[in-house]
Amino acid sequence: VKAGNVERTWRVGREVHDVDLRFEPSRAGEGGTLAGTVNGASVTAEAARAGAEVSIAWAGSRATALVVRRGETLLVAWGGRTYELVPVERGTHAAGVHEAEGEPFATSPMTGVVVKVHVDAGAAVARGAALFVVEAMKMEYVVRAERDVVVEDVKRGPGERVEVGEVIVTFREGDEPGDDDEGGGGGGGGA
Amino acid sequence: VTFPFRKVLVANRGEIALRVVRTLRTLGLASVAIHSDADARAPHVLEADEAQRVGPPEPAKSYLSVSAVVDAAKRGGAQAVHPGYGFLSERADFARACEQAGLVFVGPPAAVLEATGDKLGVKARVARAGVPVVPGPLGAVAEGKAALEQAAAATGFPMLLKAVGGGGGRGLRRVDATGDLVQAAESARREAGGAFGDARLYAEALVHPARHVEVQVLADSKGGVRVIGERDCSLQRRHQKVIEETPAPGLSAETRRVLHEAAVAAVGALGYRNAGTVEFLVDRAGRAFFLEVNRRLQVEHPVTECVHGLDLVAWQLRVAAGESLPAADAWAPRGHAVEARVCAEDPENGFVPSSGPVLALREPSGPGIRVDSGVREGGEVPPHYDSLLMKVVAHGETRADAIARLDAALARTAVVGVRTNVAFLRRVLATPEFREGLVRTDFLDEHAATLCAPEPTPVEVLLLAAAAEAMPGAGAADGGAGGGGPARARTAWERLRDWRVGADAAGSAS
């Protein structure tokens, strides 16, 4: 291991975190010390790594996680949960993250098969109404409108295989009642 | 014991296939796994002595195909078939096809499965034997709005629509108002038709608040019946069990006696054989209502094995081989066991199933911990099947001991690459209601929103990530077993470019 600086801004879900740490290896050659700031607060922690297993000693207790890189994203599995840390530009605000949700379409929440589409092009759909149903792993999942929308197009129909994140229904932009200026409308969402 | 078979086909996948293979090995029996094209390199295939392909990824053309599975047994030279749970396990036509092919079906005889395939018929028969049943019409609901409204008039609201051929929450809907009947029935029929090939529904009153308590039974071919305790499976999300335990907490001696006796009566009324589970609802007053008989091994059978010290799969095989059950006191309970189902799903996003490569995996271990897992690092969670990844079971002297052990085990459980419900399970375990053993079947659906709300990222996670960045790992660990090649090398270089000039000069040899 080598000394170095870890200066990152990570987005985790809807949060954004700034990390500015200096790493100094221990003389024994195994692990070392992280010192600096996390979100502006001073921290010092001991750190070690063996394969995917990374551990730290901080604030009087030890934490051990599995850390894996997937592309630019760091996956940190700790305490029964896997956190996805996506690097973003320094200065990104949490509010900016929300704009990504303002896309005028509803996507499939999972890889599976469309079993039913409840709406047609041109239909006005009230918030909470079912848009379409996807089935995977033998369970049906109903995707509902997160706000009042007007359907522009239906891209996929019953029986078709779809991937997670694939656009199934698009909404007409600017048609939604009460549309505001805060980054356009929201997409479809979970059940 | 001398088995009339030497090689057994395990007609399933995932954790249950692995678990059955391991018992076969301890009994000196050879195993043949089956797999679809999506599972060619799945853990259960690697664990078994041999494997046979049964078809493409779609369950209907592989694990649910009677002819494909029976052909696989013949090709593999098996003399018996263990069906596991789900898939073909309760299908009378499958048991019949096995028997006709000269294969021992490790479960109830085909004739018993045929006579108990209609859940409504079963309900009527056990009711005649004096077993208390859930109120509702003893006939299927005909298609159309009028028939639905008629059924609702008999049960009142809330009402449950259930699949005649079903189980596991599929084809099951709660209906609270007349206006929801048609859409609920339509959706339930579609799901039931797809899952069981039988779209018929029946209606029951919703007994609530209620606990779900089920009794484990074993019945041999000479009329011997044993009750091996009960399990409380009240922690359910949309009728899917999440956490199960034995013994059931807060059950009076009288209610326990009633349940065990009713289970024996149900087994007698149905002429049931092999391992089975008789499910009941228990209301606040301690009154029991028969729900159904599950004619197979249950997902949650390990808690019973831990507390009663037996191998249920071994006894399924022994009973199928004609052996008699031991004395009634052979399997006395000791301590308490709790099981959590670790599933590939995302609680923060409506529990949508998650599929993909398993980049890294850590399964817990330790005193009193048992893990029945169906995944491996570098493997894949395919989108075609049930989302159950592994079951983590904790056994302790007391219920509190078992819960503490389970929570510690879940805290060490790490699955990287697919979303899991592990953090959700830990939050459920921490609720005062669960700690005090007061949970009813509606608990999770009422509290899901608070139990699923995202929590702020702890500082530890950011430090762990920073530590990983400061100490780039070996290729196998960094980028995951599913990655590799140029893409991973490039990201390693990109990471190095982020390091400040001068830092390298100060660093020691790595």
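Structure: see above.
Notes on the structure in this doc start here.

Calculation rules
- Residues numbered from 1 in each chain as written.
- Chains lettered and ligands numbered in written order.
- Predicted model: local features only at pLDDT ≥ 70, side-chain atom pairs only at ≥ 80, totals over all residues.
- Heavy atoms only, no water.
- Helix = DSSP H or I, 4+ residues; strand = E, 2+ residues; numbered from the N terminus.
- Buried < 20%, exposed > 50% of the residue type's maximum accessible area, 1.4 Å probe, protein only.
- Contact = heavy atoms within 4.5 Å.
- Buried area = accessible area lost by both parts, 1.4 Å probe.
- Salt bridge = Lys/Arg side-chain N within 4 Å of Asp/Glu carboxyl O.
- Nonpolar A, V, L, I, M, F, W, Y, C, P; charged D, E, K, R; others polar.
- Phe/Tyr/Trp six-rings, centres within 6.5 Å; stacked < 30°, edge-to-face > 60°.
- Pairing = 2+ DSSP bridges.
- Core = buried A, V, L, I, M, F, W, Y, C linked by side-chain atoms within 4.5 Å.
- Axes fitted to C-alpha atoms, helices over the stretch in contact; angles between N-to-C directions.
- Polar contact = N/O pair within 3.5 Å; in protein donor to acceptor, adjacent residues only side chain to side chain.

1. Points about the side chain of A:T73
Residues and elements named next belong to chain A.
Right, on to step 1. Summarising the element assignment, T73 is placed in strand 7 (residues 73–78).
Right, on to step 2. Judged by its relative accessible area of 15%, T73 is buried.
Right, on to step 3. Non-local contacts of T73, meaning those with residues more than four positions away in its chain, are made with V68, E84, L85, V86 and P87.

2. Let's talk about the interface of chain B and chain A
Right, on to step 1. Contact with chain B, which involves 75 residues of that partner, is made by 68 residues of chain A.
Right, on to step 2. Taking both sides of the interface into account, the surface hidden between chain B and chain A amounts to around 6,100 Å²; carbon and sulfur atoms contribute 61%.
Right, on to step 3. It is B:L463, B:L464 and B:M471 that lose the most area in chain B upon contact with chain A, and together they represent 11% of the buried surface on that side.
Right, on to step 4. One can count 6 salt bridges joining chain B with chain A.
Right, on to step 5. Among the ionic pairs, B:E469 bridges to A:R69, the shortest N-O distance being 2.5 Å.
Right, on to step 6. Considering each element in turn, the side of chain B that touches chain A owes the most residues, 12 residues, to helix 16 (residues 459–470) of chain B.
Right, on to step 7. When grouped by side-chain class, the residues that make up the side of chain B that touches chain A number 36 nonpolar, 20 polar and 19 charged.

3. Concerning the packing of aromatic side chains
Residues and elements named next belong to chain B.
Right, on to step 1. Inspection of the entire model under this criterion finds 7 aromatic pairs over all chains.
Right, on to step 2. Geometrically, the ring pair formed by Y63 and F87 is stacked, given 5.1 Å between the ring centres and 25° between the ring planes. Here Y63, found in the loop between strand 3 (50–55) and helix 3 (66–76), pairs with F87, found in the loop between strand 4 (80–82) and helix 4 (92–100); they are 24 residues apart in sequence, far enough to count as distant. F87 shares its class with Y63; the two are buried.
Right, on to step 3. Ring centres of W315 and W331 lie 5.4 Å apart, and the angle between their planes is 75°; on these two criteria the pair is classed as edge-to-face. In this pair, W315 sits in helix 11 (residues 312–320) while W331 sits in the loop between helix 11 and strand 14 (336–343), placing the two residues 16 residues apart along the sequence. Pair check on accessibility: W315 and W331 agree, each one buried.

4. Points about the pairing of strand 6 (residues 61–70) of chain A
All names here are of chain A.
Right, on to step 1. Direction of pairing for strand 5 (residues 53–58) relative to strand 6: antiparallel, over a ladder of 6 bridges. Among the inter-strand pairings, V54 is bridged to a residue of strand 6, identified as A65.
Right, on to step 2. The loop that links strand 5 with its antiparallel partner strand 6 comprises 2 residues; one of these, A59, has a positive phi angle of about 50°.
Right, on to step 3. In the sheet, strand 6 pairs with strand 7 via 5 bridges, with the strands oriented antiparallel. When the bridges of strand 7 are listed, L66 appears paired with A77.
Right, on to step 4. Here strand 6 hands over to strand 7 after 2 residues, with G71 in that stretch at a positive phi of 65°.

5. Side note on the nonpolar core
Residue and element names in this part refer to chain B.
Right, on to step 1. Counting residues in hydrophobic clusters, the biggest one holds 38 residues, and the most contacted among them are I243 and L410.
Right, on to step 2. When contributions to this core are tallied by element, the ones reaching two or more residues are strand 11 (240–246), strand 14, strand 19 (369–373), strand 21 (388–396), helix 12 (399–412), helix 13 (422–430) and helix 15 (443–452).
Right, on to step 3. Leaving out residues up to four positions away in the same chain, I243 has contacts with D232, C233, L235, V338, E339, A340, L425, V428, L429 and F434.

6. So, helix 10 (residues 301–308) of chain B
Residues and elements named next belong to chain B.
Right, on to step 1. Taken across its 8 residues, helix 10 has 8 buried, putting it largely inside the fold.
Right, on to step 2. Among the residues of helix 10, those classed as buried are H301, P302, V303, T304, E305, C306, V307 and H308.
Right, on to step 3. With its phi angle positive at about 65°, G309 sits one or two positions after the end of helix 10.

7. Regarding the sheet that holds strand 19 of chain B
All names here are of chain B.
Right, on to step 1. In spatial order, the strands read 13-12-9-10-11-14-21-19; together these 8 strands make up an open sheet with antiparallel pairing. Each edge of the open sheet carries a strand with a single partner, namely strand 13 (288–294) and strand 19. Here the average twist between neighbouring strands, direction ignored, is 25°.
Right, on to step 2. Bridging between strand 14 and strand 21 involves 8 bridges; their strand directions are antiparallel. Bridge pairing in strand 21 links A340 to V392.
Right, on to step 3. Here helix 15 sits on the sheet and contacts strand 10 (225–237) and strand 11; the angle it forms with strand 10, its principal contact strand, is near 35°.

8. Details of the side chain of B:T420
Right, on to step 1. Among the structural elements, B:T420 can be located in the loop between strand 22 (414–416) and helix 13.
Right, on to step 2. Residue classification places B:T420 among the buried positions, given a relative accessible area of 17%.
Right, on to step 3. Among the polar contacts made by the side chain of B:T420, one reaches the main-chain amide nitrogen of B:V422 at a distance of 3.4 Å.
Right, on to step 4. Each residue touching B:T420, except ones within four places of it in the same chain, is listed here: A:G80, B:V342, B:C343, B:E345, B:P347, B:L389 and B:V415.

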